[in-house]
Structure formats: structure tokens, C-alpha cells
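# Summary of the model geometry
The chain contents come next:
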Amino acid sequence: MMGVSQIMMALIWFGLIPVMLGMLYTKFSQQNRDSLMLNYCSGLIIMLGLCQLVTVPYVLNRGSFTFVSNLYTGIVIGLCILSLILNFTFYGRMIKKIAQKFKGCPWTVWAAVGLIAIQTLTPVAGRHVDDDDAFYVGAAVAAQETDEMYTVDPYTGEAYDELPARYILSPFPVFTASSAKNTGIHAAILAHTVMPLFFVPFAYMVYALLGKRLFRKEKRLFGFFLILVCLFQIFSGYSVYTQGTFLLVRIWQGKALLAAALIPAVYYYCLRTAQEKKGLVINSVMLLFLMLACCLVSSMGIMLGAIAMGMAGIGCALVYRRPVLLLCGALSCIPNLIYASIYLMIR
């Protein structure tokens, strides 16, 4: 059972801190600053991207997990303090605007919220046994227990003869282990019970942001869009490889987070960058963090993230007649190229 202090730390780490980090992005983009969903999604992506930047060099050099976790946490806390300083007078205004938005929501939006709540609570109240947890959750637990990263095979407990090239460039288990360390919750409990409470809504927030871009002020149609997305996800259990299966029964695994949230996020942030005439630089930085997040969660994300970025960038550049978007997309994919090159050298 989790104690009150552990629950509070989980709410701070997965709830409050992403909003504060996201407000750094919206502060400089000056667009939709009062959007709780945008701040949360952007902040969580920044958290994931930072973890990739900090962790991979130390994994390659067989660094200490404790040092990496403390360094990563220190950077996150430092950025939160900066966000608090820059946005100190804005928090009250944001809360008021959020309250006003709730009053005008049509029934379709509330129906979608109800469906999302049911889907969020289902993996928490129930239990799903997945064979991949033997590695992903096992690697997180091993990092905490041994204070080393990717030196022990989670399947056997034996030491690796060499670093596993397939996994070390996408150290999402280290993010899980660091989150477990910071919240005081065991990594296995955190993955199966806590992460779905935040990652399932995160995925739907991405869809909601995309729907708001598509339907603009048509809130009723926006609600129908979310309901339709919910139904697609709920009735996608005909295969273990569908996006809905990844979202609803194993969202705590990195590749599931990639399929359920980060790939759709690529299309949202590309569309946002294309439609806004200002803030091209800060939006490009956000795309860079998004690519880092894709690289963190799965080795497949190194290539799939870049492919999605390329498709979205080309489409937006043609539709909005802004060739500069191709340059922004290409620059944001530099981390993907770097990690792919490292993989080819060490495999």
C-alpha cells in the first residue's frame, strides 16, 4: 500500500512538475498560455527529453544510477524554480480561465471525459500480466537495486558481458527507476498503478489538443471527436499490437507510450508550429524535445519519430506554404540521427 507522502510525491512528480515545465514553453511561445492540457503535455515531453539527454552518456560510460537520478532531478527542479519565477503572477489568471472554460463545455465533452476516466481507472483497479514487463520493469528495479544501469540481465540476474545495444540508447526504465526513487514507490507498483493514472490522460490530452486545432471553436464537434477516439481505443482489443491495446493495458512501457501519445504529439506540434506565425524558434525547440522523448521511450522511436516528423513536416510545409518548416523538422531530428549512428557503431 502507498502512504500519504508517497501519493503526494507522485502527484507532484507526475502532476505538478510537468505543468510547471510546460509553462516555460508557453511563456516564450505566447500562445495558449492558459491551456492546462498544453502546459501538461509539453512539460511531460520536456521531462522525458531531459531524461534522454542526461542518461545516455552515463549509460555508455557505466555511470552510477544514483548520480544520474540526482543530476536529472536537480535539473528538473532547477527548471521548475525558473518557471515559478517567470510565471509567478500568471498562475492565478490561468486557474480562473480554466474554471471559465469548464462552464461552457457541452455534454459531448463531459461524456468523453467520463469515458477517459473509466479507461484510466481500469488498468489501476485491474491487473494485466505482460511478458515484456520482465525486461522493462525488471530493468528499472535492477537499476535501483544495483545502482548500475544495464549491467544486469533482468531475465536472469547475471551480469551482461557487454552493454545491450538494443536498449541502452532508449533508457526509459531509468526514467521509471528515477521516478520510483523520487516518489518512494516501488518501481513495479509505480509502473502498474501510478503511471497509467497520468499517462492515459496524457495520451488523450494530446488527442484533445489535436482536436481543438482541427475543430477550432466547435466545442460540440470537438467532444464528438474525443468520443470517437475513445470508442476506437476501447474496441481495439482484437489484437495485442493495436494502439488501443498499448494505451489501455500496458501504457507504462516505453513503446506503448510512443504509439499511444508521442507519435500523435508529433502531428499536433507540427500543426501548431505551422499555424502560428510567431514563436518559430521556441516551437522548434519543443519539436527537438519531442524527438528526444521518442528516442527515450523505445529504440523504435529513434526511427519512427523521425519518420513521423518528416511526414508531418512535408505535409505542413506544402499545405501552409512555409518551406522553413522543413528546416525546423530536419533540425529537430538531429538527436535521432546521432543515436542511430551510435547504435550502428556499438552493435
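Starting afresh in each chain, residues are numbered from 1 along the sequence in its written order. Restriction of local features to residues with pLDDT of at least 70 applies here, the model being predicted, together with a cutoff of 80 or more for giving and counting side-chain atom pairs; totals for whole chains, interfaces and linings are based on all residues. Only hydrogens and water are set aside; all other atoms, that is, all heavy atoms of the structure, feed into the side-chain values.

To continue, consider the overall build of the protein chain. Here a helix means four or more residues in a row that DSSP labels H or I, a strand means two or more in a row labelled E, and each is numbered from the N terminus. When helices and strands are tallied, the protein chain shows 16 helices and zero strands. Every radius of gyration here is taken over C-alpha atoms, with the globule rule written as 2.2 Å times N^0.38, N being the number of residues. Against the globule reference of 20 Å for 347 residues, the protein chain gives a C-alpha radius of gyration of 20 Å, in line with a compact fold. Viewed in the frame of its principal axes, the protein chain has a C-alpha envelope of about 55 × 45 × 45 Å. Buried residues are those whose accessible area, probed at 1.4 Å on protein chains only, stays under 20% of the maximum for their type, while exposed residues exceed 50% and partly exposed ones sit between those limits. Out of the 347 residues in the protein chain, the part that is buried amounts to 54%. The contact definition used throughout considers only heavy atoms, calling two residues in contact when any of these lie within 4.5 Å. Contacts spanning at least 24 positions in sequence make up 75% of the contacts within the protein chain whose residues lie at least 6 apart. In the structure as shown, the protein chain presents an accessible area of about 16,000 Å², 69% of it carried by carbon and sulfur atoms. Every accessible area reported is derived by Shrake-Rupley at a probe size of 1.4 Å, with residue values counting cover from the shown protein chains alone.

Here we take up empty space enclosed by the protein. Space inside and on the surface of the protein is sampled on a 1 Å grid over the protein atoms alone, with a cavity defined as a set of points where a 1.4 Å probe fits but cannot get out and a pocket as an open set with protein on both sides within 12 Å along at least 5 of 7 lines; lining residues have an atom within 4 Å of a point. Grid points are joined across faces, edges and corners, and a volume is the space filled by probe spheres set on the points. Tallied over the full model, the rule gives three cavities of 30 Å³ or more. When its volume is computed, the largest cavity comes out at roughly 80 Å³. Along the wall of the largest cavity there are 13 residues; nearest its centre are Ala139, Ala143, Glu148, Met149 and Tyr150. Mapped onto the lining of the largest cavity, the elements with two or more residues apiece are helix 6 (133-146) and helix 8 (172-183). No other element matches helix 6, which puts four residues into the lining of the largest cavity. Taken together, the residues of the lining of the largest cavity break down into ten nonpolar, two polar and one charged. Quantified by volume, the second largest cavity comes out at close to 60 Å³. Taken together, Cys270, Thr273, Leu287, Met309, Ala312, Gly313, Cys316, Leu325, Cys328 and Gly329 form the lining of the second largest cavity. Looking at the lining of the second largest cavity, the elements with two or more residues in it are helix 12 (254-275), helix 14 (299-319) and helix 15 (324-332). Counting residues per element, the lining of the second largest cavity draws most heavily on helix 14, at four residues. Under this grouping Gly is polar, as are all residues other than the nonpolar Ala, Val, Leu, Ile, Met, Phe, Trp, Tyr, Cys and Pro and the charged Asp, Glu, Lys and Arg. By residue class, the composition of the lining of the second largest cavity is seven nonpolar, three polar and no charged.

Here we take up the packing of aromatic side chains. Pairing of aromatic side chains here covers Phe, Tyr and the six-membered ring of Trp, requires ring centres within 6.5 Å, and sorts the geometry by plane angle: under 30 degrees stacked, over 60 edge-to-face, intermediate tilted. Inspection of the entire model under this criterion finds 14 aromatic pairs. Summarising the aromatic geometry, the rings of Trp13 and Tyr72 are spaced 6.0 Å apart at their centres and angled 85 degrees between planes, so their arrangement reads as edge-to-face. With Trp13 in helix 1 (residues 4-29) and Tyr72 in helix 3 (residues 65-86), this residue pair connects regions lying 59 residues apart in the sequence. Its relative accessible area of 4% is what places Trp13 among the buried residues.

What follows deals with the layout of surface pockets. The volume enclosed by the largest pocket comes to roughly 1,000 Å³. When contributions to the lining of the largest pocket are tallied by element, the ones reaching two or more residues are helix 2 (36-60), helix 4 (91-103), helix 5 (107-125), helix 9 (187-215), helix 10 (219-234) and helix 12. Each pocket or cavity is described by its volume, and for the second largest pocket that value is around 240 Å³. Along the walls of the second largest pocket sit 15 residues, with Tyr136, Arg166, Tyr167, Lys255 and Ser299 positioned nearest its centre.

With that settled, consider the environment of Leu214. In this fold, Leu214 is placed in helix 9. Remark: the alpha-carbon pair of Leu214 and Ser299, spanning 85 residues in sequence, is separated by 31 Å.

Our working definition of a disulfide is a cysteine sulfur pair at a distance within 2.5 Å. Summed over all chains, the structure comprises zero disulfides. In this structure Cys51 is not part of a disulfide, and its nearest cysteine sulfur, from Cys295, lies 12 Å away. Between Cys316, a cysteine without a disulfide, and Cys270, which holds the nearest cysteine sulfur, the sulfur-to-sulfur distance is 5.6 Å. Given a relative accessible area of 10%, Cys316 falls into the buried group.

Another aspect to go through is the packing of helix 13 (residues 280-297) against helix 14. Helices that pack against each other are described as a pair by the angle of their axes relative to one another and the distance between those axes. Axis definition: a line fit to C-alpha positions, over the contact stretch in the case of helices; interaxial angles, taken between N-to-C directions, run 0 to 180 degrees. Contact geometry of helix 13 with helix 14 gives a least axis separation of 7 Å together with a crossing angle of 145 degrees. The interaxial crossing formed by helix 13 with helix 14 has right-handed handedness. In this structure, helix 13 contributes Leu287, Met291, Cys294 and Cys295 to the contact, and helix 14 contributes Gly301, Ile302, Gly305, Ala306 and Met309. Here the contact of helix 13 with helix 14 is built from residues that sort into seven nonpolar, two polar and no charged. Note: crossing handedness is left-handed where the near helix turns anticlockwise from the far helix by less than a right angle, and right-handed where it turns clockwise.

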